[in-house]
There are 2 protein chains.
Amino acid sequence: MPKAPKTAITPTRAENYPEWYQQVVKAADLAENSDVRGCMVIKPWGYAIWENIQRQLDAMFKATGHENAYFPLFIPMSFLEKEAEHVEGFAKECAVVTHHRLEPDGQGGLQPAPSAKLEEPLIVRPTSETIIGATFARWVQSYRDLPILINQWANVVRWELRTRMFLRTTEFLWQEGHTVHASEDEALAETRQMLEVYAEFAEGVMAMPVIKGEKTAGERFPGAVATYSIEALMQDRKALQAGTSHFLGQNFAKAQEIKFQNVDGELQFAWTTSWGVSTRLVGGLIMTHSDDDGLVLPPKLAPAQVVILPVYRNDEERANVMPYCETLKEELASQQYAFETVRVRIDDRDLRGGDKRWQWIKRGVPLIMEIGPRDIADDKVFVKRRDIEGKGEAIPRDEVVGTVANRLAEIQQALFDRAVALRNEATVEIDSLEEFEEYFAERAPGGLAHCHFVDSPTMEAKLKELKCTVRCVPLDAQTESGKCIFTGEASERRGVFARAY
Amino acid sequence: MPKAPKTAITPTRAENYPEWYQQVVKAADLAENSDVRGCMVIKPWGYAIWENIQRQLDAMFKATGHENAYFPLFIPMSFLEKEAEHVEGFAKECAVVTHHRLEPDGQGGLQPAPSAKLEEPLIVRPTSETIIGATFARWVQSYRDLPILINQWANVVRWELRTRMFLRTTEFLWQEGHTVHASEDEALAETRQMLEVYAEFAEGVMAMPVIKGEKTAGERFPGAVATYSIEALMQDRKALQAGTSHFLGQNFAKAQEIKFQNVDGELQFAWTTSWGVSTRLVGGLIMTHSDDDGLVLPPKLAPAQVVILPVYRNDEERANVMPYCETLKEELASQQYAFETVRVRIDDRDLRGGDKRWQWIKRGVPLIMEIGPRDIADDKVFVKRRDIEGKGEAIPRDEVVGTVANRLAEIQQALFDRAVALRNEATVEIDSLEEFEEYFAERAPGGLAHCHFVDSPTMEAKLKELKCTVRCVPLDAQTESGKCIFTGEASERRGVFARAY
Ligand SMILES: [Zn+2]
Ligand SMILES: [Zn+2]
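Residues numbered from 1 in each chain as written. Chains lettered and ligands numbered in written order. Predicted model: local features only at pLDDT ≥ 70, side-chain atom pairs only at ≥ 80, totals over all residues. Heavy atoms only, no water.

Here the focus is the overall build of chain A. Of regular secondary structure, chain A possesses 14 helices and 28 strands. For 501 residues, the compact-globule estimate of 2.2 N^0.38 gives 23 Å, and chain A sits close to it at 26 Å. Each principal axis of the C-alpha distribution contributes one length, and for chain A these read about 80 × 65 × 55 Å. For chain A, the proportion of its 501 residues judged to be buried stands at 58%. Across chain A, the fraction of contacts at a sequence separation of at least 24, relative to all contacts at a separation of at least 6, is 68%. Approximately 21,000 Å² of chain A is accessible, and the part contributed by carbon and sulfur atoms is 48%. (Helix = DSSP H or I, 4+ residues; strand = E, 2+ residues; numbered from the N terminus. Rg over C-alpha atoms; globule rule 2.2 N^0.38 Å. Buried < 20%, exposed > 50% of the residue type's maximum accessible area, 1.4 Å probe, protein only. Contact = heavy atoms within 4.5 Å. Areas by Shrake-Rupley, 256 points an atom, 1.4 Å probe, with all protein chains shown as cover.)

Set out below in structure tokens:
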């Protein structure tokens, strides 16, 4: 038997982080590139993680009063012309449908039929503010019709030149919330509420600590009055924007004529918001928790929380081991963790035990339980926690069942704590440009720098030079008088700077 | 107070069935036309029905061993050229993406950027056999990799000139199953199993009786060896194809090079299947059960199974009525029906009681419960069953809670029985062409005609003349010797003929 390699993933994070990421995606069977440039195939294990994200987020959206609906995939080109900044932002790289039929090209192939050219080209939605806004304009007449609280689960397309699975792909899956309100205050409260929901989800379900903050003017959603985001720190000390919530003011309402009669019978423009998270979250999940042996999944998102591996050498042993495993599976699956029954699989495939074990390690399953004839004789189960180094430990069978929920909760918490510790370690306050330049020097590890700043061309130029970005102004930033490290202007709050995905 | 109209929907089914359908969709707030020709907006009540369909079908797919995954929205044009019949069937009317960027057109508008023309046009998927098959070709090497049992929930686009909401739209939502097998028998068994799943879902969940059968050669999915379908009869006596399951033989495997090494080490082509149902099911649901007062929903698909309407005239009465309703809601919602907790809403909107009541009638809610001070004094609840004529009856409160699950089960069964009775009434055996011509004469009601037939140009011509179609050969058709009513040729089994959607 060949010696097991020191780590299951080559290269390691330290050796080559971007390549390590691709290899984790591959080894965990999450996704692969497709035959369409920039589009990925999400494989069953990756899609099951997305389904777990969807189910839990969807429940949070519904608990805050939102309903799901579905709007067209296509947007007439003229719709993009209506909101000036929005065009700038989204008209650039998108998929344009110009024909509605193919015909033989006379050389044995096909071509778009010239006779079936569309009068007005259609855009495959890069985001749906314009088409949903046009619909809302029909739905809203009176203040009695408000608020409108809608969410859509959908695919969107933004043409990308450089793609990376889950993090940046031409087509991706997401949800987009779109709401309409009678007052500015209510719309602002909605914007902040959904940011709160995203933060709770990221920390409570993904075990990924995030900073809630407001984007600077230059980083706003095209057409928004204010954009809020949650920002997470990956293990390579680069930041990832994991979700955004936009206060659109009356900009879109004016472009799309979303008007209503208020209580006094006066016609006025409504206030709108939009907010979204995407399959990018899966990328964030991978880069927050995974290690040099592959994916590490927080239990709340693991498609299988426990995998049982029966170990036997012949039919006789199998006849002894399998019923024991089946019974254990049923008992484990009747336990509750995080308001759901525990998700358990038995892997009885005809593969070498070591290969099987490594497959599930690379796939990030929180608990692997191995059971052979000797374990059964001792009435013990060999339990390996994915988040802890080492081979695992033998635990009395009854204890395994009775403590499985606690054990999963412990793993969930341990992953969060580890990520928080890593972020704390990579967070600094910086008060001089010199220090800032050192912190983000080309070979320096970097991280999150909290600095006083005033947005200015000088700052933008410096950030560009350092390949650094301003992530947000944290909502919980203390008011303190300071000076912009770039220009020396007076500043009242620190922003967070980092290299970013 | 104006007198309530005799029926909530105008026109009635008898007066103008197609227009009645559109009005039910509108009155129940299910969907509306969008600004994109042929595409609809699915509104929250309609989408919630689709979510209920999805959740229950998805559980059935998973119980039969399938996993979900996601494949690209776009298909390279060249992929459609590979399977000859498939091109014929799907290359015709589809959305063609030719550019990946917009630019200013110099006149204040936008245009597809000539510099961003795609080398190869992309098709928005009308169905995904080709792109998924190309992926499967990479996944399959050995018999050990088989079977592959995948399902995808997705949007698809087929350019349609004449559209009708849910029944025929340019974009629609669906699921498409795609499987690969090592043997013909296994692939055939899968094809039949999924037809069985669809039939169970249609009858058991939608309360819509269906005929399971095989399509004739002319009605097969382009590229399939055999196509099976479930066929339902609508109230206007027209048939609706509600789901299809295709045995693709080795046709697609050969076009896409899905090959594997069998147990003996020989390389051979795999056997594939595909199967799908779509938002068209919602159209079938509407036309099976609804009446001249609007939508009627089987409890298993109703977004709300019970709606409680508090009745009060002032704040004092409200203070009495609301807590009573809240408690009732909680008790009802803790009951189980069909393995799920009962879905209950209270409608406390500031609207006239009659208007509210009619809204929920038109939306098809199975049970409406009205509660005012007098009902509370009697400790009774006024219960109206949507599927039964009349105002309803006062029922002791405790009985209401204890029997709600039974009552829902009764409604579910009653709707199914009613639909079966209607179908039986509209079903005949016909043994002569003359009788057939009378049955499908222009002003005759029509229905389902079971006839001996042999597929032939003579038959096709006659069917075209009568605007009639052959739906399928039922799987449970008895073998009996007869003669084709069109040509007199010998026939062993009857097919089902009907006008169809
Ligand atoms: Zn045309
Ligand atoms: Zn380009």
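Right, let's get into the relation of the copies chain B and chain A. Superposing chain B onto chain A takes a rotation of 180° combined with a translation of 0.0 Å along the rotation axis, leaving an RMSD of 0.0 Å. This pairing of chains is accounted for by a two-fold axis. Among all C-alpha atoms of chain B, that of Val-97 of chain B lies closest to the rotation axis, at 2.1 Å. In this assembly the copies share their binding face: 100% of the residues contributing to the interface of chain B also contribute to that of chain A. (Least-squares fit on C-alpha atoms with pLDDT ≥ 70 in both.)

Considering the arrangement of structural elements, one finds Gly-38 of chain B in the loop between strand 1 (31-33) and strand 2 (40-42). Not counting residues within four places of it along the chain, the set of residues in contact with Gly-38 of chain B comprises Thr-163, Thr-169, Thr-170 and Glu-171 of chain B.

Bringing the sheet that holds strand 28 (residues 494-498) of chain A into the picture now. All names here are of chain A. The strand order across the open sheet formed by 11 strands is 3-8-9-15-12-11-10-25-28-24-23, and the pairing between neighbours is mixed. One side of each edge strand has no neighbouring strand; the edge strands of this open sheet are strand 3 (67-68) and strand 23 (427-429). Of the pairings in the sheet, the one linking strand 24 (residues 448-452) to strand 28 comprises four bridges and is antiparallel in character. Within the sheet, the bridge partner assigned to His-452 lies in strand 28 and is Arg-494. Each of strand 3, strand 8 (148-157), strand 9 (171-181) and strand 15 (271-278) is contacted by helix 2 (residues 44-63), which is oriented at about 165° to strand 8, the strand it contacts most. (Pairing = 2+ DSSP bridges. Axes fitted to C-alpha atoms, helices over the stretch in contact; angles between N-to-C directions.)

What follows deals with the domain arrangement of chain A. Segmentation of chain A into domains returns domain 1 (17-289), domain 2 (306-423) and domain 3 (427-498). For domain 2 of chain A versus domain 3 of chain A, the separation of C-alpha centres amounts to 46 Å. (Domains from an automatic or database assignment.)

The next thing to look at is the state of the cysteines. Per the counting criterion, the structure on display carries zero disulfides over all chains. Between Cys-468 of chain B, a cysteine without a disulfide, and Cys-451 of chain B, which holds the nearest cysteine sulfur, the sulfur-to-sulfur distance is 8.1 Å. (Disulfide = S-S within 2.5 Å.)

Let us look at helix 12 (residues 397-425) of chain A. Helical geometry note: an α-helix holds 3.6 residues per turn, so side chains three or four residues apart project in the same direction. Over its 29 residues, helix 12 of chain A extends 39 Å from the first C-alpha to the last, a length consistent with the 42 Å expected when each residue adds 1.5 Å. At Thr-403 of chain A, helix 12 of chain A is deflected by roughly 60°, the largest bend along its length. (Expected span 1.5 Å × (residues − 1). Bend = angle between axes of the 7 residues up to and from the residue.)

A separate point is the packing of aromatic side chains. What the rule picks out here adds up to 36 aromatic pairs over all chains. Taking the centre distance of 6.3 Å and the plane angle of 90° together, the rings of Phe-71 of chain B and Phe-136 of chain B count as edge-to-face. Taken together, the residues span a long stretch of sequence, with Phe-71 of chain B in the loop between strand 3 (67-68) and strand 4 (74-76) and Phe-136 of chain B in helix 5 (residues 129-139) at a distance of 65 residues. With relative accessibility at 0%, the residue Phe-71 of chain B sits in the buried group. Relative accessible area serves as the criterion here: at 3%, Phe-136 of chain B is assigned to the buried category. What links up through ring pairs into an aromatic cluster is the set Phe-436, Tyr-439, Phe-440, Phe-453, Phe-486 and Phe-497 of chain A. Just above the ring of Tyr-501 of chain A sits the side chain of Lys-238 of chain A; from NZ or CZ to the centre is 4.4 Å. The ring of Tyr-324 of chain B has Arg-397 of chain B lying over it, and the distance from NZ or CZ to the ring centre is 5.4 Å. (Phe/Tyr/Trp six-rings, centres within 6.5 Å; stacked < 30°, edge-to-face > 60°. Lys NZ or Arg CZ within 6 Å of the ring centre and 35° of its normal.)

What follows covers the interface of chain B and chain A. Contacts between chain B and chain A engage 65 residues on the former and 65 residues on the latter. Together chain B and chain A conceal approximately 5,300 Å² of surface at their shared face, both sides included; 62% is due to carbon and sulfur atoms. Three residues stand out in chain B for area buried against chain A, namely Tyr-70, Leu-102 and Leu-110 of chain B, and they jointly supply 12% of the buried area on that side. Note that Arg-138 of chain B and Asp-35 of chain A form a salt bridge whose closest N and O atoms lie 3.2 Å from each other. Summed over the shared surface of chain B and chain A, the number is 36 residue pairs in polar contact (both at pLDDT 80 or more). Here the element with the most residues in the side of chain B that touches chain A is strand 5 (residues 93-104) of chain B; it accounts for 10 residues. For the side of chain B that touches chain A, the residue count by class is 38 nonpolar, 10 polar and 17 charged. Both strand 5 (residues 93-104) of chain A and strand 5 of chain B contribute to a ladder of five bridges, which runs antiparallel. (Buried area = accessible area lost by both parts, 1.4 Å probe. Salt bridge = Lys/Arg side-chain N within 4 Å of Asp/Glu carboxyl O. Polar contact = N/O pair within 3.5 Å; in protein donor to acceptor, adjacent residues only side chain to side chain. Nonpolar A, V, L, I, M, F, W, Y, C, P; charged D, E, K, R; others polar.)

Another aspect to go through is the packing of helix 2 of chain A against helix 8 (residues 280-289) of chain A. Residues and elements named next belong to chain A. Where helix 2 meets helix 8, the closest approach of the two axes is 10 Å, and the angle between their N-to-C directions is 110°. Classified by the interaxial angle, the pair formed by helix 2 and helix 8 is roughly perpendicular. The segment helix 2 lies against helix 8, with Ile-49, Trp-50 and Ile-53 engaging Leu-281, Val-282 and Leu-285. Of the residues belonging to the contact of helix 2 with helix 8, the class tally is six nonpolar, no polar and no charged. (Parallel < 35°, antiparallel > 145°, perpendicular 65-115°, else oblique.)

Below, the discussion takes up unusual backbone geometry. Looking along the chain, the bond that leaves Leu-146 of chain A and enters Pro-147 of chain A is cis, with omega of -5°. Looking at the secondary structure, you find Pro-147 of chain A in the loop between helix 5 (129-139) and strand 8. Of note, Asp-29 of chain A is a non-glycine position whose phi angle comes to about 60°, a positive value. Counting through the fold element by element, Asp-29 of chain A comes out in the loop between helix 1 (17-27) and strand 1 (31-33). One non-glycine residue, Lys-467 of chain B, adopts positive backbone phi at about 55°. Within the secondary structure layout, Lys-467 of chain B lies in the loop between helix 14 (457-466) and strand 25 (469-474).

Below, the discussion takes up the pattern of salt bridges. Enumeration according to the criterion identifies 64 salt bridges over all chains in this entry. Residue Asp-292 of chain A is joined to Arg-13 of chain A by a salt bridge in which the shortest nitrogen-to-oxygen separation is 2.8 Å. Here Arg-13 of chain A lies in the segment before helix 1 and Asp-292 of chain A lies in the loop between helix 8 and strand 16 (306-310), a separation of 279 residues in the sequence. By relative accessible area, which is 17% here, Asp-292 of chain A ends up buried. With a relative accessible area of 27%, Arg-13 of chain A lands in the partly exposed category. As a salt-bridge pair, Lys-259 of chain B and Glu-257 of chain B come within 3.3 Å of each other at their nearest N and O atoms. Accessibility expressed as a relative area gives 46% for Glu-257 of chain B, which makes it partly exposed. Salt bridges here are not isolated pairs; linked through shared partners, they connect Asp-29, Glu-32, Asp-35, Lys-43 and Arg-363 of chain A together with Arg-138 of chain B.

Turning our attention to the packing of helix 9 (residues 315-333) of chain B against helix 12 (residues 397-425) of chain B. Residue and element names in this part refer to chain B. Between helix 9 and helix 12, whose axes approach to 9 Å, the crossing angle comes to 30°. With respect to each other, helix 9 and helix 12 are oriented roughly parallel. The crossing of helix 9 and helix 12 is right-handed. Side by side, helix 9 and helix 12 meet where Tyr-324, Thr-327, Leu-328, Glu-331 and Leu-332 of the first sit next to Arg-397, Val-400, Val-401 and Val-404 of the second. Its residues assigned to classes, the contact of helix 9 with helix 12 comprises six nonpolar, one polar and two charged. (Left-handed = near helix turned anticlockwise from the far one by under 90°.)

For the rest of this paragraph, the subject is the pairing of strand 21 (residues 380-385) of chain B. Looking along a regular strand, one sees the side chains alternate between the two faces of the sheet. Residues and elements named next belong to chain B. In this sheet, strand 21 lies alongside strand 20 (residues 367-371) in antiparallel orientation, the contact comprising four bridges. If you follow Glu-370 over to strand 21, its bridge partner there is Phe-382. Pairing analysis gives four bridges linking strand 21 to strand 22 (residues 393-396), with the strands arranged antiparallel. Residue pairing for strand 22: Phe-382 is matched across the bridge by Ala-394.

Counting all residues, the mean pLDDT for chain A is 95, and 99% of those residues have values of 70 or more. In the predicted complex, the global pTM is 0.96; the interface-specific ipTM is 0.96. (pLDDT = per-residue confidence, 0-100.)

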